[in-house]
Amino acid sequence: MTGVYGYKDNNHNVTALHKLENLLNELLKEGAQQLLAQAIEAEVNPCSILFT
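Numbering of residues begins from 1 in every chain and follows the order in which that chain's sequence is written. The model is predicted, so local features are restricted to residues of pLDDT at least 70 and side-chain atom pairs to those at 80 or more, both for listing and for counting; the totals for chains, interfaces and linings are taken over all residues. Think of the side-chain values as coming from all heavy atoms in the structure, minus any hydrogens and water.

Let us look at the overall build of the protein. Note on conventions: DSSP H or I runs of at least 4 residues are helices, E runs of at least 2 residues are strands, and numbering of each starts at the N terminus. When you go through the protein residue by residue, the secondary structure sums to one helix and zero strands. For the protein, the residues scored as buried account for 0% of the 52 residues in total. Surface accessibility follows the Shrake-Rupley procedure with a 1.4 Å probe radius. Residue values consider only the protein chains on display as shielding. Only carbon and sulfur atoms are counted for the fraction: they give 63% of the accessible area of the protein, which is about 5200 Å². Three exposure classes are used, based on accessible area relative to the maximum for each residue type with a 1.4 Å probe and protein chains only: buried under 20%, partly exposed in between, and exposed over 50%.

One full turn of an α-helix is made of 3.6 residues, so residues set three or four places apart face in the same direction. End to end, helix α1 (residues 11-50) covers 59 Å across 40 residues, agreeing with the expected 58 Å (1.5 Å per residue, within 8%). The largest bend along α1 reaches roughly 25° and is located at V44, with the proline P46 sitting one to four residues downstream. To estimate the expected span of a helix, count its residues, drop one, and scale the result by 1.5 Å. In this analysis the local bend is the angle between axes fitted, respectively, to the seven residues ending at and the seven residues starting at the residue.

This brings us to a nonpolar patch on the surface. A cluster of nonpolar residues, L17, L20, L23, L24 and L27, forms a patch on the protein surface that exposes about 490 Å² of accessible area. Note that L23 resides in helix α1. A residue counts toward a patch only above 30% relative accessible area and without a salt bridge, and it is joined to like-charged neighbours within 9 Å or, for Val, Leu, Ile, Met, Phe, Trp and Tyr, to nonpolar neighbours within 5 Å. One speaks of a salt bridge when a side-chain nitrogen belonging to Lys or Arg is within 4 Å of a carboxyl oxygen belonging to Asp or Glu.

Laid out in structure tokens, this is it:
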């Protein structure tokens, strides 16, 4: 059976691609969380110096 673009459907490739997509999403999520934490820390540090 062929897929939309004339290629044979292959569940293994679809599963592998889905796993890769999940891994990339997780890496992006972790990177975004780290950047957000750094940005918050950069904003809070100067304020904390004023109040110590």
